[in-house]
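Notes for the structure review
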Amino acid sequence: MSVSRRGFLGFTAAALAPVHQAAAREVPEPDADDGTLYLGTYGDGIGIASYDAAGKITATGSIAGIPNASFVIRSGSFLYAVNEQDAGAVTAIDISGTPRVLNRQPNKGSGPCHLAKIGDYLLSANYGSGDIAVHPIAADGSLGQQTDLVKHEGSAPHAHQVVQAGEYVLAVDLGTDSIYTYTLADGKLALQHQAKVKTGAGPRHLVFHPSGNYAYVADELDSTVTVCGYGDGVLTVLESIPVATGENYPGEVVISADGRFVYVTNRGHNSVAVFSTDGPHLELVGIPNCGGDWPRHCAFDPTGRLLFVANQKSNNITTFLVDQTTGGLTLTSDFSTPTPVCVTV
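Parameters at a glance
- Residues numbered from 1 in each chain as written.
- Predicted model: local features only at pLDDT ≥ 70, side-chain atom pairs only at ≥ 80, totals over all residues.
- Heavy atoms only, no water.
- Helix = DSSP H or I, 4+ residues; strand = E, 2+ residues; numbered from the N terminus.
- Rg over C-alpha atoms; globule rule 2.2 N^0.38 Å.
- Buried < 20%, exposed > 50% of the residue type's maximum accessible area, 1.4 Å probe, protein only.
- Areas by Shrake-Rupley, 256 points an atom, 1.4 Å probe, with all protein chains shown as cover.
- Lys, Arg positive; Asp, Glu negative; His and termini not counted.
- Charge placed at Lys NZ, Arg CZ, Asp CG, Glu CD.
- Polar contact = N/O pair within 3.5 Å; in protein donor to acceptor, adjacent residues only side chain to side chain.
- Pairing = 2+ DSSP bridges.
- Axes fitted to C-alpha atoms, helices over the stretch in contact; angles between N-to-C directions.
- Disulfide = S-S within 2.5 Å.
- Salt bridge = Lys/Arg side-chain N within 4 Å of Asp/Glu carboxyl O.

1. Regarding the overall build of the protein chain
Helix and strand content of the protein chain: one helix and 28 strands. At 18 Å, the protein chain has a C-alpha radius of gyration in line with the 20 Å of a compact globule built from 345 residues. A principal-axis box enclosing the C-alpha atoms of the protein chain has dimensions of 45 × 45 × 40 Å. Buried positions account for 60% of the 345 residues belonging to the protein chain. Summed over its atoms, the accessible surface of the protein chain is roughly 12,400 Å², and 51% of this surface lies on carbon and sulfur atoms. Distance from the positive charge centre (19 side chains) to the negative charge centre (33 side chains) of the protein chain: 5 Å.

Here it is in structure tokens:
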């Protein structure tokens, strides 16, 4: 039986960096703003596009031979992609010149959907099998054989995200309504803490406030965002608030670099909820249309002036200009591309 999330919800080491650098954004920022986007999708390959200062996107090529690369991250001259299949795998790509696949490693889980590079290791979250896999990264960017696979306990675990938080690794699990805290040493994960959100909330992704004292969790199943306090690996639930009306499934959550605004994509309501925040509280200040259907993922450009939104069902990526004072969004560009489910800068 396929575990691909395409059919879900209605659609067929080294010392660790400080939390505000490592976990404040869904995907790592590149070393320099080169105006390049890498587009994760279902099918074969990763799309490549460029964008200008106004956010207009232009297709420039693709990297073939990478099945179901539904989540992609960049680390300097390398890309890492999941292969979201029943027999899950992760792929390393060199982008220092003409892009080329370095290698692929099975991760012994099913339906990998998220990645994080932590020190010299690549961690992947397996939605189908509800576990976290660890692979070492060699000096040439290629992936070594798996060093660990940690299964979440519960009736239906669905690991959905893995992020770095200072000296800890946090894994968000939709099926167990939990966020797990691990330490990572010598390629092995050790569980330290399990935080529970509201039963049935279905936590999908989280993002940290730049202070490192708070985290905001997008809850896929009850259309809320949960605000948590954070300290020394422990998350504490503070409040949970709705993000949209009607049938809706939050997709991605990101935060402005100054920590003043939180953005949540709404699949169903087809919008981007904009919240102002003082850290422990959120206040809805706007909920503009996403410019497409089923906004699954979004990412800032390195300046924070542009927000790219990947609309899965309408086959387009929309670009919004971000008002640095109010947090408001203004649609500036619309780019057509097949089944965009991840946009990486």
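Text resumes after the structure shown.
2. Thoughts on the side chain of Thr277
As for its placement among the helices and strands, Thr277 is situated in strand β22 (residues 271-277). Given the relative accessible area of 13%, Thr277 is considered buried. Side chain to side chain, Thr277 and Tyr216 meet in a polar contact 3.1 Å long. Of note is the side chain of Thr277, whose polar atom sits 2.9 Å from the backbone nitrogen of Gly279.

3. Re the sheet that holds strand β9 (residues 121-126)
Strand order in the open sheet formed by four strands is β8-β9-β10-β11, with antiparallel pairing between adjacent strands. A single partner strand is all that each edge strand has here, and the edge strands are β8 (112-118) and β11 (148-151). In this sheet, adjacent strand axes meet at a mean angle of 20° when their direction is disregarded.

4. Observations concerning the state of the cysteines
Overall, the coordinates contain zero disulfides when judged by the stated rule. Unpaired in this structure, Cys113 has its nearest cysteine sulfur neighbour in Cys342, at a distance of 11 Å. Take Cys290: it sits in no disulfide, and the sulfur closest to it among the cysteines is that of Cys298, at 11 Å. For Cys290, a relative accessible area of 0% corresponds to the buried category.

5. Quick notes on the pattern of salt bridges
Side-chain pairing between opposite charges can occur once the charged atoms of the two side chains come close. In this structure the tally under the stated criterion is five salt bridges. Here Asp222 makes a salt bridge to Lys198, at a shortest N to O gap of 3.2 Å. Taken together, the residues Asp222 in the loop between β17 (214-219) and β18 (224-231) and Lys198 in the loop between β15 (188-196) and β16 (203-208) connect sequence positions 24 residues apart. Assessed through its relative accessible area of 22%, Asp222 is described here as partly exposed. For Arg260, the salt bridge is made with Asp258, and the minimal N-O distance between the two is 3.9 Å. The exposure class assigned to Arg260 is partly exposed, which follows from its relative accessible area of 36%. Assessed through its relative accessible area of 44%, Asp258 is described here as partly exposed.

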